Protein chains: 2
Amino acid sequence: MNSNNVTIYDVAREAGVSMATVSRVVNGNPNVKPTTRKKVQDAIDRLGYRPNAVARGLASKKTTTVGVIVPDISNIFFADLARGIEDVATMYKYNIILGNSDSSRDKEVHLLNTLLGKQVDGIIFMGGRLHEDLVEEFKKSPVPIVLAATLNQGYDLPAVNIDYEQAAYDATHMLINHGHDRVGFITGPLEQQINGEKKFAGYRRALEDAGLPFHENDMILGNYTYASGLEAMQKMLQRDDCPKAIFAGTDEMALGVIHAIQDAGYSVPNDFEVVGHDNTRLATMIRPKLTTVVQPMYDIGAVAMRLLTKILNAEEIEEKNVVLPHRIERRDSLRQD
Amino acid sequence: MNSNNVTIYDVAREAGVSMATVSRVVNGNPNVKPTTRKKVQDAIDRLGYRPNAVARGLASKKTTTVGVIVPDISNIFFADLARGIEDVATMYKYNIILGNSDSSRDKEVHLLNTLLGKQVDGIIFMGGRLHEDLVEEFKKSPVPIVLAATLNQGYDLPAVNIDYEQAAYDATHMLINHGHDRVGFITGPLEQQINGEKKFAGYRRALEDAGLPFHENDMILGNYTYASGLEAMQKMLQRDDCPKAIFAGTDEMALGVIHAIQDAGYSVPNDFEVVGHDNTRLATMIRPKLTTVVQPMYDIGAVAMRLLTKILNAEEIEEKNVVLPHRIERRDSLRQD
DNA sequence: TTGAAAGCGCTAACAG
DNA sequence: CTGTTAGCGCTTTCAA
């Protein structure tokens, strides 16, 4: 009845076979006579035997556990990603050890080493940018590492992303197409590969292609949060030449932007038009509903985990650097065409 | 240089000591001569030795890993809880294996067994209600289990919660105090211990204490989501005798409620007053800002994990059934007194 | 203060 | 189809 301290050896004795046979039954090895299999299975049930994964891991050098390093699981964006990872992991019989890094280089390195010490079979990493030290550690890793929603910055690491530069271009372009000759850009720190560099590059390219100048003033850097979006827009509203179109780097910031506009007595989309980024659930939880770039977080997580399983199984891999499609979901924060 | 396949034995040879001594150094055992310690440490650094936690786990029967079972990590509520758990876990050198159950009894049982198979040192469980089968498994668990934001339904399980019945009472009472003789109640499935039973009980008690009758019609059951809150309120608005005060079981539903009201051309709080529950970040991400019951999710997670560490360390425990304080945060979805 | 040796529970050849 | 036998890398007595 007890399910603990019962070992494979106990089962072997109870069933009158060797532990090797029990191991075969437990692992679904076909080379076991049906009669024997049944005998063993009965003994297992009777004793309530549960294989010890730690012992198995030591003997087989596989733990069926993968590490997941995420900046902050309480961020809706990463939570969605994590869910995609976990679902596919479960599908392939893996478990997830989850760790929050707060995007701190030290915590990232420390977490990585802890996970490797725990002998995970692979790692999925999410982070704002890849610090050199980290990449050094990655290179020394005995197990494969896949990046999710994180650019590989030229390093030879498998990664799953969308084309952030193009997405920002599309969003900005859409705003320009609505007749704006200035577009405000509110996003995260510029040092961040995706939210800073890439989105900024797309924004600038859209401006350039439209023959519009880039005004330093039209860009405000926050930290992704609602509060920082609100604050940034409040600041922008104080200017006489405030842009009437805003592209926000994340949905959360976009909500802040919209509320700042509304709090100041203006209307979205009549006075101001706003486009967000990510299409988190927040996008429809506001009035007007938010037009936003669709980044399929769940899918990115799922595809990243699937990619990792392929690497672990030595399956053939077409492309290690996966770029998922993006699009813009039109809602009411933009005027009808 | 390489950090893998280097074993304690290699270090021992390199340092000219026995593996027992290396083990002592690695584990900070004080009974090692400083000279020896240094010699070993140097060898460790030179070889890039990283202890194998799996082997250690097998030998010591401790994995410094705890399992966390959560209905859905992509739900902002549980993501916050998980963050609290993880932070305290890290503080005490534990890692977290995270699994989503989708509140399915089968998945819960399966996950539990997988975690026990992986020899976790303890488990933190979150779920809508404790199914009998699950409790049976809990009883057989060789490691301690702590419930977080989950009622122990009379079973003798350590748990961390707030007083949900009283919280619902307080919210309803506050609405009644604002002059309403009817209060709409929109929450999750009644089978759920917390969101159904407890909150319902508090709601009814507040009504009773105020001498108000309970109208079956005034209660609508959804599924916690924004969409279900929106839909429920739309339905309620079609009635001639629609209550002008609404208590929503979760913030997300409350946002849906407010938007349904606004979409119908009414004002919050002038025409309708709304109170939510949880005080997730959503509460301030809406206009008017949401008055809501503060349930400290992060703290519940943190305290649950701390409680687990106490049990694991056999520290003295004052109270196994922890009830954290709650309060109502007044914001603009309620009229000024 | 240090070393020798016996496991922890399981997998994986290798025989038979 | 089944059993024997080494380990996997580490902790933990027990002696010295």
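Because the structure is a prediction, the values reported are computed rather than measured.

Asker: Quick question: what am I supposed to make of the overall build of chain A here?
Answerer: If you tally the helices and strands in chain A, you get twelve helices and twelve strands. Whereas a compact globule of 337 residues would reach a radius of gyration of roughly 20 Å, chain A reaches 26 Å, over 25% beyond that. With the C-alpha coordinates of chain A rotated into their principal frame, the extents come out at 85 × 40 × 35 Å. Looking at chain A residue by residue over its 337 residues, the buried ones come to 56%.

Asker: Would you mind showing me how to read the protein's contact with DNA strand C here?
Answerer: Lining the immediate environment of DNA strand C, one finds 25 residues, of which I8(A), Y49(A), T21(B), R24(B) and T36(B) sit closest. R56(A) places a side-chain nitrogen or oxygen 2.9 Å from a phosphate oxygen of DNA strand C. Every element with two or more residues in the surface near DNA strand C is listed here: helix 2 (19–26) and helix 4 (53–60) of chain A together with helix 2 (19–26) and helix 4 (53–60) of chain B. In terms of residues, the surface near DNA strand C owes the most to one element, helix 4 of chain A, which gives four residues. Residues that form the surface near DNA strand C fall into these classes: twelve nonpolar, nine polar and four charged.

Asker: Sorry if this is basic, but what is going on with the pattern of salt bridges here?
Answerer: Side chains that carry opposite charge are capable of pairing whenever their charged atoms lie near each other. Residue and element names in this part refer to chain B. Scanning the model with the defined rule gives 44 salt bridges over all chains in all. Two residues, E197 and R129, come together in a salt bridge whose shortest N-O distance is 3.3 Å. A residue pair is termed long-range when its members are at least 10 positions apart, and E197 in helix 9 (residues 193–209) and R129 in the loop between strand 3 (122–125) and helix 7 (132–140) qualify at 68 residues. A salt bridge links E315 to R306; its shortest N-O distance comes to 3.2 Å.

Asker: Where do I start with the packing of helix 2 of chain A against helix 3 (residues 34–47) of chain A in this structure?
Answerer: For any two helices packed against each other, the geometry is given by the interaxial angle and the distance between the axes. Residues and elements named next belong to chain A. Across the interface, helix 2 lies against helix 3 with an axial gap of 10 Å and an inter-helix angle of 90°. With respect to their mutual orientation, helix 2 and helix 3 come out roughly perpendicular. Contact residues: T21, V22, V25 and V26 in helix 2; T36, R37, V40, Q41 and I44 in helix 3.

Asker: Just to check I follow, could you spell out the protein's contact with DNA strand D for this structure?
Answerer: Close to DNA strand D lie 25 residues; R24(A), T36(A), I8(B), S23(B) and Y49(B) are nearest. Those atoms of DNA strand D that come within 4 Å of the protein belong to sugar or phosphate at a rate of 60%. Between DNA strand D and R24(A) there is a distance of 2.5 Å, counted from a base oxygen to a side-chain nitrogen or oxygen. Residue assignment for the surface near DNA strand D shows that the elements contributing at least two residues are helix 2 and helix 4 of chain A together with helix 2 and helix 4 of chain B. Looking at the surface near DNA strand D, the element that brings in the most residues is helix 4 of chain B, giving four residues. In the surface near DNA strand D, the residues fall into twelve nonpolar, nine polar and four charged.

Asker: Would you mind showing me how to read the sheet that holds strand 9 (residues 273–278) of chain B here?
Answerer: Either a parallel or an antiparallel arrangement is found when strands of a sheet pair, and the pairing is made through backbone hydrogen bonds. All names here are of chain B. The six strands are arranged 7-6-8-9-10-12 in an open sheet whose pairing can be described as mixed. One side of each edge strand has no neighbouring strand; the edge strands of this open sheet are strand 7 (219–221) and strand 12 (327–329). For this sheet, the mean inter-axis angle between neighbouring strands, taken without regard to orientation, is 20°. For strand 10 (residues 291–294) and strand 12, the ladder comprises three bridges, and the chain directions are antiparallel. Note that in strand 12 the partner of V294 across the bridge is R327. Its contacts with the sheet put helix 9 on strand 6 (184–187), strand 7 and strand 9, and the angle it makes with strand 6 is roughly 165°.

Asker: Before we go on, may I ask you to explain the interface of chain A and chain B in this structure?
Answerer: A common way to report how large an interface is uses the accessible area buried once the components associate. Listed per partner, the contact involves 49 residues of chain A and 49 residues of chain B. Linking chain A with chain B are eight salt bridges, by the criterion used here. For the salt bridge of D263(B) with R287(A), the shortest nitrogen-to-oxygen distance reads 3.0 Å. At the boundary of chain A with chain B, the tally comes to 28 residue pairs in polar contact (both at pLDDT 80 or more). Where the side of chain A that touches chain B is concerned, the elements lending two or more residues are helix 4, helix 5 (76–91), strand 2 (95–100), helix 6 (105–117), helix 10 (226–237) and helix 11 (251–263) of chain A. Top element by residues in the side of chain A that touches chain B is strand 2 of chain A. It accounts for six residues.

Asker: For this particular structure, what's the right way to read the relation of the copies chain A and chain B?
Answerer: Both copies of the chain are tied together by a single rotation about an axis and a shift running along it. Rotating chain A by 180° and moving it 0.0 Å along the rotation axis overlays it on chain B with an RMSD of 0.1 Å. Those values place the two copies in the arrangement expected of a two-fold rotation axis. Minimal C-alpha distance to the rotation axis in chain A is attained by I97(A), lying at 2.2 Å. Interface residue correspondence from chain A to chain B reaches 100%, placing this contact among same-surface, isologous pairings.

Asker: Just to check I follow, could you spell out the UniProt feature "domain: HTH lacI-type" (unreviewed entry) in chain A for this structure?
Answerer: Here the UniProt-annotated "domain: HTH lacI-type" (unreviewed entry) positions come out as residues 6–60 of chain A. Measuring from the first to the last C-alpha atom of residues 6–60 of chain A gives 20 Å, for a span that is 69% helix and 0% strand.

Asker: Is there a simple way to explain helix 3 (residues 34–47) of chain B in this structure?
Answerer: All names here are of chain B. For helix 3, spanning 14 residues, the distance from its first C-alpha to its last is 20 Å, which sits close to the expected 20 Å at 1.5 Å a residue. Regarding helix 3, the residues found buried are T36, V40, A43, I44 and L47. Projected onto a plane normal to the axis of helix 3, the buried residues spread over an arc of 100° and lie on a single side. Of the residues in helix 3, the exposed ones pointing more than 90 degrees away from the buried face are P34, T35, K38 and D45. Of the residues flanking the end of helix 3, it is G48, one or two places downstream, whose phi is positive at about 65°.

Asker: What should I look at first to understand the sheet that holds strand 7 (residues 219–221) of chain A in this one?
Answerer: Residue and element names in this part refer to chain A. Across the sheet, six strands lie side by side as 7-6-8-9-10-12; this open sheet has mixed pairing. In the strand order of this sheet, the two ends are held by strand 7 and strand 12 (327–329), each with one partner. Averaged over all adjacent pairs, the angle separating strand axes in this sheet is 20°, with direction ignored.

Asker: Please explain the packing of helix 1 (residues 8–15) of chain B against helix 3 of chain B as it appears in this structure.
Answerer: Residues and elements named next belong to chain B. Contact pair helix 1 / helix 3: the axes reach a minimum separation of 9 Å and the direction vectors enclose 120°. With respect to helix 3, the element helix 1 is oriented oblique. Seen from above, helix 1 lies across helix 3 with right-handed handedness. The residues of helix 3 that touch helix 1, namely those facing D10, V11, E14 and A15, are K39, V40, A43, I44, R46 and L47. A class-by-class count of the residues in the contact of helix 1 with helix 3 yields six nonpolar, no polar and four charged.

Asker: Even after reading the chapter, I still don't get helix 12 (residues 297–312) of chain B, so can you show me in this structure?
Answerer: Because the α-helix completes a turn every 3.6 residues, residues three or four places apart line up on one side. Residues and elements named next belong to chain B. For helix 12, which comprises 16 residues, the first-to-last C-alpha distance of 23 Å matches the rise-based estimate of 22 Å (1.5 Å per residue) to within 8%. Turning to helix 12, its buried residues are M297, I300, G301, A302, A304, M305, L307, L308, T309 and K310. Among the residues trailing helix 12, A314 stands out with phi positive, at a value near 55°.

Asker: It is not clear to me how the pairing of strand 6 (residues 184–187) of chain A should be interpreted in this structure. Could you clarify?
Answerer: A regular strand places its side chains so that they alternate between the two faces of the sheet. All names here are of chain A. Of the two faces of strand 6, both are covered, the one formed by G184 and I186 as well as the one formed by F185 and T187. As paired elements, strand 6 and strand 7 share three bridges and run parallel to each other. Looking at the pairing, I186 lines up with I220 of strand 7. Note that the unit made of strand 6, helix 9 (residues 193–209) and strand 7 has a crossover that is right-handed.

Criteria and thresholds
Residues numbered from 1 in each chain as written. Chains lettered and ligands numbered in written order. Predicted model: local features only at pLDDT ≥ 70, side-chain atom pairs only at ≥ 80, totals over all residues. Heavy atoms only, no water. Helix = DSSP H or I, 4+ residues; strand = E, 2+ residues; numbered from the N terminus. Rg over C-alpha atoms; globule rule 2.2 N^0.38 Å. Buried < 20%, exposed > 50% of the residue type's maximum accessible area, 1.4 Å probe, protein only. Near = heavy atom within 4 Å. Polar contact = N/O pair within 3.5 Å; in protein donor to acceptor, adjacent residues only side chain to side chain. Nonpolar A, V, L, I, M, F, W, Y, C, P; charged D, E, K, R; others polar. Salt bridge = Lys/Arg side-chain N within 4 Å of Asp/Glu carboxyl O. Axes fitted to C-alpha atoms, helices over the stretch in contact; angles between N-to-C directions. Parallel < 35°, antiparallel > 145°, perpendicular 65-115°, else oblique. Contact = heavy atoms within 4.5 Å. Pairing = 2+ DSSP bridges. Least-squares fit on C-alpha atoms with pLDDT ≥ 70 in both. UniProt positions renumbered as here; feature names shortened; annotations may be inferred. Expected span 1.5 Å × (residues − 1). Arc of directions from axis to C-beta. Left-handed = near helix turned anticlockwise from the far one by under 90°. Right-handed = clockwise from strand over helix to strand, strands pointing away.

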